[in-house]
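Descriptive structure summary
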Amino acid sequence: MVANVDPNIKILVVDDFATMRQIVKKSLGALGLHNVTEAVDGVDALAKLEKDQFNFIISDWNMPNMMGIDFLKAVRSSDKLKAIPFLMVTAEAKRENVIEAAKAGVSQYIVKPFTVESLEEKLNAIFNRKSA
Amino acid sequence: MSPHNGNGTHTTSLVTVEDLSAALAELLATESAHRLTLLRETLLGIRSGFDPAAVGMSSTNIPDAILKLSSVLNDSSEASHKVFDLVDSQHKVIKQGEKHLADLEQLAQQGPISPDAALAFVAKYRALNHAMQAVSHDIVVSQEFQDLCGQKVKKVMRLVCDVEVYLRALLEQLKVAMPNPKSAAELEAEQNVDQESTDALLKELGL
């Protein structure tokens, strides 16, 4: 269980690779977070965000149709969505990527491959800051 | 040349306007022909610079490489999902083991355990052990995809190297200035930063 995180929060996991979505889902499950919806890219994710309410977004960077960074910018430019914490989980970890994501308003950034511990650490950082 | 005569009209004693026009047309035609010849020679040069193997490369090897990479994607994805399923079955076996232990604990709390009950427990636990071994074996075997995928990736890597050689030869023939290939150290410097460096950078950026 992650401190300061409601175990029922609704999480949207966005990745074009089903394997990675499974890994993220299982890692969240190991932290007691089971209310997870999957999206295959930014376009699919925006459609799901339009229909449903989510409390947290975890997204990859490299995806077809809409890259993670463009998805992040779309989320941050929407009055309805901009307050949702956004975690980028990606193999794209060059300095310029991290800086671009930070400027676009990312909440935290995890470099693949990641561990459950690093995911927990990032969740704590996001939700503790949010509740402070 | 068109010198004036006494009555102010142009003479055409040396070269007529028509002559000049024809000469210019001829010059233009020659210039165009010269350029066309140069172009033809260049194209012939490019064609002769190609190893016939390059034709096979573009018509067969490259499409085959795309198929190979596509099957690597599928195989690795299937293998990952197989491991997920096997781990799920392993969890089920572990849970069964926990239940057997809880039953045994409860039995022990009620009084001395009979030899029959102890033997029944041993039999159940042994069966679970076998199930665990079978799942572990399946997990190990599921990794064989790495060998098959590795062979396909190696073939594609060889093709990429061949294409690089042909491309360089072609660019040289076209006299295109090429930078030197990047060194391993330069390429490494362009690689991703790790989580620790990312965290330090995020902290610098106020996150």
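Residues numbered from 1 in each chain as written. Chains lettered and ligands numbered in written order. Predicted model: local features only at pLDDT ≥ 70, side-chain atom pairs only at ≥ 80, totals over all residues. Heavy atoms only, no water.

**Details of the nonpolar core**
The tendency in soluble globular proteins is for nonpolar side chains to be buried side by side. Grouped together as the largest cluster of nonpolar side chains are 27 residues, with contacts concentrated most on Val14, Leu49, Ile57, Phe71, Phe86 and Tyr109 of chain A. If you list the elements that add at least two residues to this core, you get β1 (11-14), α2 (42-51), α3 (68-76), β4 (86-90), α4 (95-104) and β5 (108-111) of chain A together with α6 (195-204) of chain B. Counting 21 residues, the second-largest nonpolar core is a separate cluster that includes Val13, Val24, Ile58 and Val89 of chain A. (Core = buried A, V, L, I, M, F, W, Y, C linked by side-chain atoms within 4.5 Å. Buried < 20%, exposed > 50% of the residue type's maximum accessible area, 1.4 Å probe, protein only. Helix = DSSP H or I, 4+ residues; strand = E, 2+ residues; numbered from the N terminus.)

**Some thoughts on the pairing of strand β2 (residues 36-39) of chain A**
Residues and elements named next belong to chain A. Pairing of β1 with β2, which is carried by four bridges, proceeds in the parallel orientation. Each residue of the ladder has a partner; that of Leu12, found in β2, is Thr37. Chirality of the crossover, the property in question, places the unit of β1, helix α1 (residues 18-30) and β2 among those that are right-handed. (Pairing = 2+ DSSP bridges. Right-handed = clockwise from strand over helix to strand, strands pointing away.)

**Concerning the interface of chain A and chain B**
With 23 residues of chain A at the contact, the number on the chain B side is 19 residues. Counting each side, the surface lost to burial between chain A and chain B is near 1,600 Å², with a carbon and sulfur contribution of 63%. Seen at the junction of chain A and chain B, the total is two salt bridges. The salt bridge partner of Asp88 of chain B is Lys26 of chain A, with a shortest N-O separation of 3.3 Å. Counting every contact that joins chain A to chain B gives four residue pairs in polar contact (both at pLDDT 80 or more). Among the secondary structure elements, those contributing two or more residues to the side of chain A that touches chain B are α1, α4, β5 and α5 (116-131) of chain A. Counting residues per element, the side of chain A that touches chain B draws most heavily on α1 of chain A, at five residues. Classifying every residue of the side of chain A that touches chain B by side-chain character gives twelve nonpolar, four polar and seven charged. (Contact = heavy atoms within 4.5 Å. Buried area = accessible area lost by both parts, 1.4 Å probe. Salt bridge = Lys/Arg side-chain N within 4 Å of Asp/Glu carboxyl O. Polar contact = N/O pair within 3.5 Å; in protein donor to acceptor, adjacent residues only side chain to side chain. Nonpolar A, V, L, I, M, F, W, Y, C, P; charged D, E, K, R; others polar.)

**Looking at the confidence of the model for chain B**
A low pLDDT score tells you not to read the predicted coordinates there in detail. Residues and elements named next belong to chain B. Here chain B averages 82 in pLDDT, and 88% of its residues register 70 or above. Mean pLDDT values over the elements of chain B span from 71, in helix α1 (residues 17-49), up to 93, in helix α3 (residues 115-141). Ignoring residues within four places in sequence, the model shows residues 1-12, a span with pLDDT below 50, making ten contacts including any to other chains. For this predicted complex, the interface confidence score (ipTM) comes to 0.80, while the overall pTM stands at 0.71. (pLDDT = per-residue confidence, 0-100.)

**Structural notes on the packing of α2 of chain A against α3 of chain A**
All names here are of chain A. Close contact between α2 and α3 brings their axes to 9 Å; oriented N to C, the two are set at 25°. One finds that α2 runs roughly parallel with respect to α3. Once α2 is placed against α3, the crossing between them reads as right-handed. Along the contact surface, α2 presents Gly42, Ala45, Leu46 and Leu49, while α3 presents Phe71, Ala74 and Val75. The residue inventory of the contact of α2 with α3, partitioned by class, reads six nonpolar, one polar and no charged. (Axes fitted to C-alpha atoms, helices over the stretch in contact; angles between N-to-C directions. Parallel < 35°, antiparallel > 145°, perpendicular 65-115°, else oblique. Left-handed = near helix turned anticlockwise from the far one by under 90°.)

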